[in-house]
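Geometric and topological summary
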Amino acid sequence: MTPDEIVAEINRKNRDALYFRDDYQMLSHDQVLELMDAAAMRGFQFGSNVALSMVQGALLVQLARVMGTENNKPSL
């Protein structure tokens, strides 16, 4: 995903969480802060998942290289 796609996805989920509430136009300050905290956590979680996926992909590439190198060694 591109950075713009990531931001758009997080933005969509945050808006869905807000507009899911029937009382979204009359939220208290505490309720707004709760929604902001939840939005921040969703963003953090999404970023963490993307980072983990990137690390797993890099490790898989390294493993494939090592396994390919070992399989191409001549037998004695």
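Presented here is an overview of the structure given in this document.

Side note on the pattern of salt bridges
Applying the stated criterion across every chain yields a total of four salt bridges. Between Arg12 and Asp16 there is a salt bridge, with its nearest N and O atoms 2.9 Å apart. Of the two residues, Arg12 and Asp16 are both situated in helix H1 (residues 3-19); the distance of four residues between them amounts to about one turn of the helix. In this structure Arg12 comes out as partly exposed when scored by relative accessible area, which is 40%. A network of salt bridges, in which partner residues are shared, links Glu9, Arg12, Lys13 and Asp16.

Observations concerning a nonpolar patch on the surface
Taken together, the side chains of Val32, Leu33 and Met36 make up a nonpolar region of the molecular surface, amounting to roughly 260 Å² of accessible area. If you trace the backbone, Val32 turns up in helix H2 (residues 29-71). With relative accessibility at 35%, the residue Val32 sits in the partly exposed group.

Scoring rules and cut-offs
- Residues numbered from 1 in each chain as written.
- Predicted model: local features only at pLDDT ≥ 70, side-chain atom pairs only at ≥ 80, totals over all residues.
- Heavy atoms only, no water.
- Salt bridge = Lys/Arg side-chain N within 4 Å of Asp/Glu carboxyl O.
- Helix = DSSP H or I, 4+ residues; strand = E, 2+ residues; numbered from the N terminus.
- Buried < 20%, exposed > 50% of the residue type's maximum accessible area, 1.4 Å probe, protein only.
- Patch = residues over 30% accessible without salt bridge, like charges linked within 9 Å, V, L, I, M, F, W, Y side chains within 5 Å.
- Areas by Shrake-Rupley, 256 points an atom, 1.4 Å probe, with all protein chains shown as cover.

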